[in-house]
Amino acid sequence: MPRIRVSNTKKPFIFYLNLAKKYVNRYNNVELTALGKAIPTVVVISEILKSDGMATQNCKNNNNFFVYQITSNIESESLVLVF
């Protein structure tokens with residue numbers, strides 16, 4: 001699964017959004033990872049993918065991690081966000 005490591009200081013937000021859209025279209029899934037202050041950026045990206053009809057959402061809370069799973073509407077693949 002292709003992985004994007006999101007940073008809130010290295011690249012602009014739109015770069016990560018366009019890259020996530022490209023990966024969902026090409027591979028039908030993508031994994032977005034972030035630490036600290038970049039976590040809200042990942043959540044916003046996933047919400048935009050959801051609002052564009054590219055994904056649906058399923059949230060879980062596992063012990064030490066918050067798993068935010070976005071399922072692609074293209075071929076039922078998933079985008080998993082782990083914080």
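Scroll up to find the structure this text is about.
Bear in mind that the values here come from a model prediction, so they are computed numbers and not experimental data.

## Regarding helix α1 (residues 13-27)
Turning to step 1, where the next piece is worked out: The terminal C-alpha atoms of α1 lie 21 Å apart, and with 15 residues this matches the ideal 21 Å at 1.5 Å per residue to within 8%.
Turning to step 2, where the next piece is worked out: For α1, the set of buried residues is Y16, L17, L19, A20, Y23 and V24. The buried residues of α1 occupy one face: seen down the axis, they fall within an arc of 165°. Within α1, the exposed residues directed more than 90 degrees away from the buried face are N25 and R26.
Turning to step 3, where the next piece is worked out: Remark: N28 follows α1 within two positions and exhibits a positive phi of approximately 65°.

## A short note on the pattern of salt bridges
Turning to step 1, where the next piece is worked out: Counted under the stated rule, the structure contains two salt bridges.
Turning to step 2, where the next piece is worked out: Residue K50 is joined to E47 by a salt bridge in which the shortest nitrogen-to-oxygen separation is 3.2 Å. Taken together, the residues K50 and E47, both in helix α2 (residues 39-51) and three residues apart, mark about one turn of the helix.

Cut-offs used in this document
Once a new chain begins, its residue numbering starts again from 1 and follows that chain's sequence as written. Residue-level local features of this predicted model are given only where pLDDT is at least 70; pairs of side-chain atoms are given and counted only at 80 or more, and the full residue set underlies all totals for whole chains, interfaces and linings. Calculation of side-chain values draws on the structure's entire complement of heavy atoms; hydrogens and water are dropped beforehand. Numbering of helices and strands runs from the N terminus, with a helix taken as a DSSP run of H or I at least four residues long and a strand as a DSSP run of E at least two residues long. Multiply 1.5 Å by the residue count of a helix minus one, and that product is the helix's expected span. Only protein chains enter the calculation, and the probe is 1.4 Å; a residue is then buried if its accessible area is under 20% of its type maximum, exposed if over 50%, and partly exposed in between. Arc, as used here, means the arc of the directions from the helix axis to the C-beta atoms. For salt bridges, the criterion is a side-chain nitrogen of Lys or Arg within 4 Å of an Asp or Glu carboxyl oxygen.

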